[in-house]
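Overview (structure and organization)
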Amino acid sequence: MKIAPVIHIGGWPGAGKKTVGRCVADRLGGRLIHNHLMLDAARAIYARDTPQSVAMREEVRSLILAHARRLSPEVPIVLTDALADEPAAVPLFQPTLDLARDRGAELHVFALDLSVEENARRLVCPERTGSDKLTDAAVLRDIRARDTLFLPKGAHVIDVTDLSAQDAAVEICTAVEAQHA
């Protein structure tokens, strides 16, 4: 039996991580664990970035990943996250590394990048309205001016400025299938 891969998709807020991740999971018959599963649960109870919110987010992440470890090894797992290249990113990425290791799975890491203009345009799409997702283009521009994307070792950067979510998913699946064959 082949062990299905673990696929991590990172990128800027509004880059399309969840949408692309859903397309990848659907194409591969896998499960999507997007970063807002943890963030939204913690934000429902606590103010953002408070010690209580951070602790709850980690507890929820641990619970979700514990259940992900119980999935059949034939089920691909797709995770998303938005991490800046700073020391705090390493421990936040570690659970992804641990999940792949514990499943004995190959880890494939992708980062979605795009122009600031396209990123700002996508940030205000109707699907993001009413959620706890970032929708303020000025805040995004500040983040992008101040930070760089966290690119774990071996990350494959995909410029999605002119790609649909389906096209980005095809590129990811093609790369994964080529290495996983």
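In what follows, the accompanying structure is described.

**Some remarks on the packing of helix α5 (residues 116–123) against helix α6 (residues 137–146)**
Running from N to C, α5 and α6 point in directions that differ by 145 degrees, and their axes come no closer than 9 Å. With respect to the hand of their crossing, α5 and α6 are arranged in right-handed fashion. Facing α5, whose interface residues are Val 116, Asn 119, Ala 120 and Leu 123, α6 presents Ala 137, Leu 140, Arg 141 and Arg 144. Among the residues making up the contact of α5 with α6, the classes are represented as 5 nonpolar, 1 polar and 2 charged.

**Remarks on empty space enclosed by the protein**
The full count for this structure, using the stated rule, is 2 cavities of 30 Å³ or more. Taken as a whole, the largest cavity encloses approximately 60 Å³ of empty space. Forming the boundary of the largest cavity are His 8, Ile 33, Met 38, Arg 61, Leu 65, Leu 79, Thr 80, Asp 81, Pro 95 and Thr 96. Taken together, the elements giving at least two residues each to the lining of the largest cavity come down to α3 (51–69), β3 (77–81) and α4 (89–103). Its residues assigned to classes, the lining of the largest cavity shows 5 nonpolar, 3 polar and 2 charged. Ranked by residue count, the leading element in the lining of the second largest cavity is strand β1 (residues 6–11), at 3 residues. For the lining of the second largest cavity, the residue count by class is 5 nonpolar, 3 polar and 1 charged.

**Considerations on unusual backbone geometry**
Positive phi, close to 65 degrees, is recorded for Asp 49, a residue that is not glycine. Its place among the elements puts Asp 49 in the loop between α2 (36–45) and α3. In this structure Asp 49 comes out as exposed when scored by relative accessible area, which is 53%.

Rules used throughout
- Residues numbered from 1 in each chain as written.
- Predicted model: local features only at pLDDT ≥ 70, side-chain atom pairs only at ≥ 80, totals over all residues.
- Heavy atoms only, no water.
- Axes fitted to C-alpha atoms, helices over the stretch in contact; angles between N-to-C directions.
- Helix = DSSP H or I, 4+ residues; strand = E, 2+ residues; numbered from the N terminus.
- Left-handed = near helix turned anticlockwise from the far one by under 90°.
- Contact = heavy atoms within 4.5 Å.
- Nonpolar A, V, L, I, M, F, W, Y, C, P; charged D, E, K, R; others polar.
- 1 Å grid on protein atoms, 1.4 Å probe; cavity = no way out; pocket = protein on both sides within 12 Å on 5 of 7 lines; lining within 4 Å.
- Points joined across faces, edges and corners; volume = space filled by probe spheres on them.
- Buried < 20%, exposed > 50% of the residue type's maximum accessible area, 1.4 Å probe, protein only.

It is worth stressing that arrangement in space is one thing and function is another; only the former is reported here.
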